[in-house]
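# Summary of the model geometry
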Amino acid sequence: MNQTEFMQLVNPFKDKLFRVAKRLLVSTEEAEDATQEILVKLWNKNEGLEEYNSVEALAMTMTKNYCLDQLKSKRANNMRIVHNNFTDREAGLHQKVEDSDTWNWVEKIMNDLPEQQRLIVQMRDIEEMEFEEMAQILDMNEQAIRTALSRARKTIRERMIKTHHYGIG
């Protein structure tokens, strides 16, 4: 496979790799480095990529593992999720402030979730990945993923209700 063919293969999902790396590593620079590292590793596997059913799933798994290794080596547990499309561009100022405040609370709550639940919410609700793909990447069965996602959503919902009713986190 030549460089042009390789880029045509990875271009559809390389931004997704970056977003997952960014969610896990927080730092844009570290996420860029991680994405570059994964693309180099894929390029080095160049001739063997045809044997994989989904190069994207392979790349996502490699990205997840690389980032988790980076986090473990630094003992960093500060994961942030930044979702720039949360507020409606046509919403009034009051609505934008309220949406921003709500997203900030959701982000804080998500940062308190266990690492696995954070990653599952990220993959399903933000990256909109299918359960089958998530199961392959996370090396978990789909039911375990559904259960963890349900628990994470329930925690987020309960803490948001508490926040809105009592004004506390």
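Everything that follows concerns the structure shown earlier in this document.
Predicted, not measured: the structure shown is a model, and the values here were computed from it. (Residues numbered from 1 in each chain as written. Predicted model: local features only at pLDDT ≥ 70, side-chain atom pairs only at ≥ 80, totals over all residues. Heavy atoms only, no water.)

## Remarks on the overall build of the protein
What the protein contains, in helices and strands, is 7 helices and 0 strands. Listing each helix as α and each strand as β along the protein from the N terminus yields α-α-α-α-α-α-α. Summarising the internal contacts of the protein: among those between residues at least 6 apart in sequence, 61% fall at separations of at least 24. (Helix = DSSP H or I, 4+ residues; strand = E, 2+ residues; numbered from the N terminus. Contact = heavy atoms within 4.5 Å.)

## Digging into helix 1 (residues 3-25)
The terminal C-alpha atoms of helix 1 lie 28 Å apart, and with 23 residues this falls more than 12% below the ideal 33 Å at 1.5 Å per residue. Maximal helix bending in helix 1 amounts to about 50 degrees, located at Asn 11; proline Pro 12 follows within four positions. Regarding helix 1, the residues found buried are Phe 6, Val 10, Phe 13, Lys 16, Leu 17, Val 20, Ala 21, Arg 23, Leu 24 and Leu 25. In this structure Asn 2 caps helix 1, since a side-chain oxygen of it lies 3.0 Å from the backbone nitrogen of Thr 4. (Expected span 1.5 Å × (residues − 1). Bend = angle between axes of the 7 residues up to and from the residue. Buried < 20%, exposed > 50% of the residue type's maximum accessible area, 1.4 Å probe, protein only. Polar contact = N/O pair within 3.5 Å; in protein donor to acceptor, adjacent residues only side chain to side chain.)

## Topic: the pattern of salt bridges
Tallied over the full model, the rule gives 6 salt bridges. In this structure, Glu 158 engages Lys 154 in a salt bridge whose closest nitrogen and oxygen atoms are separated by 3.9 Å. You can see Glu 158 and its partner Lys 154 sitting in helix 7 (residues 142-166), 4 residues apart, about one turn around the helix. A relative accessible area of 44% means that Glu 158 is categorised as partly exposed. (Salt bridge = Lys/Arg side-chain N within 4 Å of Asp/Glu carboxyl O.)

## What about the packing of aromatic side chains?
Between two aromatic rings, the relevant description is the distance of the centres plus the angle of the planes. Per the stated rule, a full pass over the model turns up 1 aromatic pair. Between Phe 6 and Trp 43, the aromatic rings sit 5.1 Å apart at their centres with planes inclined by 80 degrees, giving edge-to-face as the arrangement. Taken together, the positions of Phe 6 in helix 1 and Trp 43 in helix 2 (residues 28-44) put the pair 37 residues apart, joining distant regions of the chain. Its relative accessible area of 35% is what places Trp 43 among the partly exposed residues. Lying over the aromatic face of Phe 131, Arg 146 brings its terminal NZ or CZ to 3.9 Å of the ring centre. (Phe/Tyr/Trp six-rings, centres within 6.5 Å; stacked < 30°, edge-to-face > 60°. Lys NZ or Arg CZ within 6 Å of the ring centre and 35° of its normal.)

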